[in-house]
Each structure stands twice: as structure tokens, then as C-alpha cells.
Amino acid sequence: MAERVEEVSNKQVILRDYVSGFPKESDFEVRSSKIRLNAAQGSKSVVVKNLYLSCDPYMRNRMRNSIGSYTASFTPGSPITGFGVARVIDCGHPNFKKGDLVWGMTGWEEYSLITEPETLFKIEHTDVPLSYYTGILGMPGMTAYAGFYEVGSPKEGEYVFVSAASGAVGQLVGQFAKLKNCYVVGSAGSKEKVDLLKDKFGFDEAFNYKDEPDLDKALKRCLPDGIDIYFENVGGKMLDMVLLNMRLHGRIPVCGMISQYNLEEREGAHNLFCLITKRIRMEGFVVFDYYPLYPKYLDMVLPLIREGKITYVEDIAEGLENAPAALVGLFSGRNIGKQVVLVARDQ
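Residues numbered from 1 in each chain as written. Predicted model: local features only at pLDDT ≥ 70, side-chain atom pairs only at ≥ 80, totals over all residues. Heavy atoms only, no water.

What's the story with the overall build of the chain in this structure? I'm lost.
If you tally the helices and strands in the chain, you get eight helices and 15 strands. For 347 residues, the compact-globule formula gives about 20 Å, and the C-alpha radius of gyration of the chain, at 21 Å, lands near that figure. Expressed along its principal axes, the backbone C-alpha trace of the chain runs to roughly 75 × 45 × 35 Å. Evaluated residue by residue, the chain yields a buried proportion of 54% over its 347 residues. Expressed as a percentage of contacts within the chain between residues at least 6 apart in sequence, the contacts between residues at least 24 apart total 69%. Counting only carbon and sulfur atoms, one obtains 50% of the accessible surface of the chain, whose full area is about 15700 Å². Here the chain contributes 40 positive and 44 negative side-chain charges, whose respective centroids are spaced 1 Å apart. (Helix = DSSP H or I, 4+ residues; strand = E, 2+ residues; numbered from the N terminus. Rg over C-alpha atoms; globule rule 2.2 N^0.38 Å. Buried < 20%, exposed > 50% of the residue type's maximum accessible area, 1.4 Å probe, protein only. Contact = heavy atoms within 4.5 Å. Areas by Shrake-Rupley, 256 points an atom, 1.4 Å probe, with all protein chains shown as cover. Lys, Arg positive; Asp, Glu negative; His and termini not counted. Charge placed at Lys NZ, Arg CZ, Asp CG, Glu CD.)

Pasting the structure below:
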């Protein structure tokens, strides 16, 4: 007798068309389709129930028809994809079983069929919030770790500047730098975020870039001796002014350039000659290249979380219908901390 296949309604977030300029909620549509909750017999696919979805700035580049990018463009008319936390419902892959919790690439929908489950990480530690696997224990955490330690090569007592410092990655870079006894300054886009940097994350100094008519003066005020490591998240005018304030043999891990993502014509940098005169190493990196270090990272960060030596702030939107607003809000700085979408509470 053939096995009965359960088919259920599946709410999804669809990209209507490629986006130019700032993304809007109307660029997305939430609609329902049907999905079978079983992995095809003989396949290695995995069916998951999505619990949390991660809103990340890199997703903006996937909303345009990009060629040669490190991540594929979204397909208009189809559900968008991103990092998330999910529970396995059915599985044909030997590394997973029904009931496993996983994090990795999944669809922006209630249920997903994942045909390349090799990209998933099994969640072994559940004494911390599951949502942390979209942030501090997921891709953003690994990004902060790889960018600061592997690319930035920090030394005790150095001067560190972090832009977009209250975001998913920046808040961790600042705390990692403090654990290394560095002097840490961050920039953010509101008084509330600046207060968060100093009062919650332990930054030595912080400023609201929107209140600073002269970024060069702001950097000299906060970092009069210059910058050894600039963790680059924004690009544009900030990068240009930082180059003038770098110290000899400084390092610039280039993580992102969110100020440029919505521009049709991106801004150039004018002070690149400083790379030569100050012997600066400026290096772009992509987190995927560092995933083999994930077990080492967990060994470092889990005890810090459990002992309260590191903290993480999340901004959680509830419901898949609110996911487009949460994602779009990243690009106007509406979120405070790591933006997460709660799709379903784990049962």
C-alpha cells in the first residue's frame, strides 16, 4: 500500500521583481502555496519547519540581477531564501533525522524542502536561545569572529573602530575587541544605538554619524591616536575618512558596505593612497570561506555566553507576514540589534 503523503498550506515571502533603489515592502508579496511534508524516496533532501529567519544586509544584493556575485540573485516570483533555524520534519540524508534542529540556508516560508542539506549545521547546544543561531551562533557570529581574529589579526591594546556597530556583526566585533583589551569605538545611526554601544556592549566611545557634519573630526575626537583596525561595514564617506586616520600597519577587514547597496551609482574612495603611505592591509572576506572554523568558534563563544561575558541584542518581528517590513527596515536602520523573524515557536 502506498504511503500517504501529507500536503499542507505553506505561507511564503515572494520577491515580485528585481529592486532598484531602496527596497520597499511592496517589492514583496506574502502568499500561500502547498507543500508535501515528506522527502522523496531515495533522495537526500530534507523537509524542515522554519522557526526563525535571519534578516541580513547582504540580502539586498540578491534583490538585483547580479552576475558574478558570491551569492545568487533571488528569482522574481519565487520565495526568497536566507539563513534560518528550523526543525527537521522528514529526511533522506544520513546526517540528519526527524526532530533535529538545524541552522543554515532555508526558504522564507513556513516549510522548506532543502535539496542540498550539506549546507546545514546541526544544532547541538540548546541551553541558549534558538534564535541565537541566526546571529551570534550563526553566520553573523562567524563573520565577526573571522573578520576580527583571522583577517584583523588583533594585538592587545590596539585601537579598534567599528562602523554599523550596533548591528548583528558589529556588536560582537566590539565585544571581541574588548576581550582582547583593545580600545574600541563604534559608530551608529541614533542616540539609542550609541547608548547601547557604551552601556550594554562596553564600547569605550561611540558617536552618531548622522549628528557629525565632519566625520574626520569625529574620528579624531574619539581616536586621537588613530586606528589600528577598522572593521568595515558601511563604505562610502566613512571609509574615506577612516583611511586618513589609520595608523601605520593598520588592518581593514572589509565585511560589507551597506551605505552603497541601494545606490545605482556607487561612490568611490578618494584616500586609497593612504594604503601605501601607511602600509595598510585592506582585505575583503566572505564568511563561507571560514566555516571550517565553526567548531573552534563555538568552543570560544559558548562559555562566554553562559558566563555572561558577552551579550547579544536581538530585534524580533513576529510572523511571516511581518518579514518584508523587518527586512526592508535594515536599510533605514529601523532595527535595534540583530533583526530576526519568528516564524513559529518550536513545539
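Can you walk me through the packing of aromatic side chains in this structure?
To describe a pair of aromatic rings, you give the distance between the ring centres and the angle between the ring planes. Applying the stated criterion to the full structure yields 20 aromatic pairs. For the pair Phe-161 and Phe-207, a centre-to-centre distance of 5.9 Å together with 10 degrees between the ring planes defines the contact as stacked. Of this pair, Phe-161 sits in strand β8 (residues 159–162) while Phe-207 is found in strand β10 (residues 205–208), placing the two residues 46 residues apart along the sequence. Of the two residues examined, Phe-161 and Phe-207, each falls in the buried class. (Phe/Tyr/Trp six-rings, centres within 6.5 Å; stacked < 30°, edge-to-face > 60°.)

When you look at the environment of Val-313 in this model, what are you seeing that I'm missing?
Structurally, Val-313 can be placed in the loop between α7 (294–306) and β14 (314–318). The spacing of Val-313 and Glu-212 is 101 residues in sequence and 25 Å in space, taken between C-alpha atoms. Those residues in contact with Val-313 that lie beyond four places of it in its chain are Gln-171, Leu-196, Lys-200, Phe-201, Ile-336, Gly-337 and Lys-338.

When you look at the nonpolar core in this model, what are you seeing that I'm missing?
Within soluble globular proteins, side chains that are nonpolar tend to cluster in buried spots. By size, the foremost hydrophobic cluster in this structure holds 80 residues, and its most contacted members are Trp-103, Ile-136 and Leu-137. In terms of nonpolar packing, the next biggest core, distinct from the first, is built from 20 residues, Ile-227, Tyr-230, Val-234 and Val-242 among them. (Core = buried A, V, L, I, M, F, W, Y, C linked by side-chain atoms within 4.5 Å.)

Would you take a moment to explain the state of the cysteines for this structure?
A covalent bond bridging the sulfur atoms of two cysteines is what the word disulfide describes. A complete count under the given rule lists zero disulfides for this structure. Of the cysteine sulfurs around Cys-55, a residue in no disulfide, the closest is that of Cys-255, at 16 Å. On the basis of relative accessibility, which here comes to 2%, the residue Cys-55 falls in the buried class. (Disulfide = S-S within 2.5 Å.)

Whenever I open this one, the sheet that holds β8 confuses me. Can you help?
Within a beta sheet, neighbouring strands are joined by backbone hydrogen bonds and run either parallel or antiparallel to one another. Spatial ordering of the open sheet is given by β10-β9-β8-β11-β12-β13, a layout of six strands whose pairing is parallel. Where the open sheet ends on each side, the last strands, each with one partner, are β10 and β13 (281–284). Taking each pair of neighbouring strands and ignoring which way they run, the sheet shows an average axis angle of 15 degrees. Seen against the sheet, helix α1 (residues 139–151) touches β8, β11 (227–231), β12 (246–254) and β13 and runs at an angle of roughly 150 degrees to β11. (Pairing = 2+ DSSP bridges. Axes fitted to C-alpha atoms, helices over the stretch in contact; angles between N-to-C directions.)

Would you mind going over helix α3 (residues 191–199) with me for this structure?
Structural remark: α-helix, 3.6 residues per turn; residues separated by three or four positions point the same way. Every buried residue of α3 is accounted for by Lys-193, Val-194, Leu-196 and Leu-197. Down the axis of α3, the smallest arc covering the buried residues is 155 degrees, so these residues share one side. Those residues of α3 that are exposed and aimed more than 90 degrees away from the buried face are Lys-191, Glu-192 and Asp-199. For α3, the secondary structure elements touched by its buried residues are β9 (183–188) and β10. (Arc of directions from axis to C-beta.)

Structural measurements only, silent on function.
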